[in-house]
Amino acid sequence: MANVKFVAVSRGLSGIVDYVTNREKTTDKLITGVNCVARTAVHEFEAVKKQFHKTDGRAYYHIVQAFAPDDPVDFETVHQIGLEFAAHFKGYQCLVATHMNTKHKHNHIIMNSVNFETGMKFHQSAKEMRMVKEFNNELCRKYGLSITETKADPFHVPKWKDDLKSAIRQAMECSNTREEFIAEMESKGYGVKWEPGQKYITYTTPDNIRCRDNKLFDQTLLRGNMELYFAMGGAAYLEQRRDSAEYGEQVPIVDDAVYGVASIFDAMLTGDNDRFHLETVHHSDREIQMLLRMGKKLERVVRVVDDDDEQQKKKHDPAKELYYASLLLGDLLRAERKQRQEQEDDHEYSDMDENSVQQETVDDPYAAYDEEPEEELEEEQDMEYQQYHGFGFGGMGGMSM
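Owing to the predicted nature of the structure, the values given are computational and were not obtained by experimental measurement.

For the rest of this paragraph, the subject is the packing of helix α3 (residues 75–86) against helix α4 (residues 126–142). The geometry of α3 relative to α4 is characterised by a closest axis approach of 10 Å and an angle of 145° between their N-to-C directions. Seen from above, α3 lies across α4 with right-handed handedness. Judged by residue contacts, I81, E84 and F85 of α3 engage V132, F135, N136, L139 and K142 from α4. Grouping the constituent residues of the contact of α3 with α4 by class yields five nonpolar, one polar and two charged.

Here it is in structure tokens:
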């Protein structure tokens, strides 16, 4: 799978060419000109601009084409794909450089902003971006790589995505842990990439289409909510919810379990416990242990005893001891979680050049791969969809525990 991203411009033409052709990042055989000679690309770009009297404004476009770490391609193949990708821009001179200094193989493509055949300037529109993605997917299919959805639309869900969502829910219903869930999905023919330090869960369908959890447009299936679900026991927790349902009530499903847990934790974090006083007090021993392992602070712990057993009342109170232990454990876990987050943040930016803020954007192929280029229109649609459906922990009530 290869993702493409148009990178913001802040360097001059000579500066960006020097950067992408740096021999510490690439080699001569992985630097090629398309419709120009690589070593004279800067002069050829400028000559075309002068010919058509368009030396002002934007001088070039910078495109990063990044591949997943597990893509079965070598650097020469990555470079060849970059050359074929650059050829998509008819009449434009391009310099293609393949970098070798990160775990994500990636191409830098510097494209002249002026067409040497027509003298017209290139303009990146939403339509052009979709065409670029479609052509990039064609190249991935040609070389046996997975592809990504050209444009994720919450109002038009393709069948493969609907099948994926159904498979995820079915796997959740019969899995108690993340590991069991991944194994169950794999038995259905789906790949699951759910790793520490990654913001999203990435699925690969049997047809080799990759999709992140946030592109499913389903709050239940977001990584954070699924982690809560499995932290509470997964399928065992769902079964407990079903067993405790009153006669005549609708049988709880995965969504009810996820939203119920999410609502409780949202209330605990905001201090709004009045609506959930039963849930925040009457937990099973297993649920209490789950809460403590997640670093949550328990306000009260209730121990059920026999009213007639006076000797038992005089014994030490394990519930009170558990409560005080939870305070200490909660502080320790929060500190550990903060430290782990800081380590993940450091790891995320470890491959970036320390000399330039712009270079962080330019040479972060991980961001180009993991963060798909998204159009403003698509983000607005996502927001409208979420607002329409009342997304948010507080907005989706679910069934109480």
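From this point, the discussion proceeds with the structure in view.
Let us look at the nonpolar core. One finds I168, M172, F181, M185 and Y203 to be the most contacted residues of the largest nonpolar core, which totals 53 residues. A per-element tally of this core places helix α5 (residues 159–173) first, with six residues. In this structure M172 touches F181, L221, M226, Y229, F230, A235, V254 and V258, once residues within four positions along its chain are discounted. Of all hydrophobic cores here, the second largest spans 14 residues; its members include V20, A41, F45 and I110.

Turning our eyes to something else, we now look at the pairing of strand β3 (residues 60–67). Judged by how many residues are buried, β3 sits mostly within the fold: eight of eight residues are covered. Going residue by residue along β3, you find Y60, H62, V64 and A66 tucked away on one face and Y61, I63, Q65 and F67 tucked away on the opposite face as well. In the sheet, strand β1 (residues 2–7) pairs with β3 via six bridges, with the strands oriented antiparallel. For K5, the partnering residue across the bridge sits in β3 and is V64.

Before going further, it helps to spend a moment on the sheet that holds strand β6 (residues 147–148). One open sheet holds the four strands; their spatial order is β6-β9-β8-β7, and the pairing between them is mixed. This sheet does not close on itself; its edge strands, each paired only once, are β6 and β7 (191–193). Pairing geometry for β7 and strand β8 (residues 202–204), over three bridges, is antiparallel. Residue K193 lies in a different strand from β8, and its bridge partner there is T202. Across the sheet, α5 touches β8 and β9 (209–212), and the angle it forms with β9 is around 60°.

Rules and cut-offs
- Within any chain, residue numbers begin from 1 and follow the written order of that chain's sequence.
- Selection of residues for local features in this predicted model requires a pLDDT of at least 70, selection of side-chain atom pairs for listing and counting requires 80 or more, and totals for whole chains, interfaces and linings are taken over all residues.
- For the side-chain quantities, the full set of heavy atoms in the structure was used; hydrogens and water were omitted.
- Here, axes are lines fitted to C-alpha atoms. For helices the fit covers the stretch in contact, and angles between N-to-C directions go from 0 to 180 degrees.
- Numbering of helices and strands starts at the N terminus; helices are DSSP runs of H or I of at least 4 residues and strands are runs of E of at least 2.
- For any helix crossing, the convention is left-handed if the near helix is rotated counterclockwise from the far helix by under a right angle, and right-handed if that rotation is clockwise.
- Whether two residues are in contact is decided by their heavy atoms: any pair within 4.5 Å suffices.
- Three residue categories are used. Nonpolar comprises Ala, Val, Leu, Ile, Met, Phe, Trp, Tyr, Cys and Pro, charged comprises Asp, Glu, Lys and Arg, and polar comprises the others, including Gly.
- Nonpolar cores were defined as sets of buried Ala, Val, Leu, Ile, Met, Phe, Trp, Tyr and Cys residues, with membership established by side-chain atoms within 4.5 Å.
- The cut-offs for exposure are 20% and 50% of the maximum accessible area for each residue type, with area from a 1.4 Å probe on protein chains only; residues under the lower value are buried, those over the upper are exposed, and the others partly exposed.
- Being paired, for any two strands, means DSSP has found at least two bridges between them.

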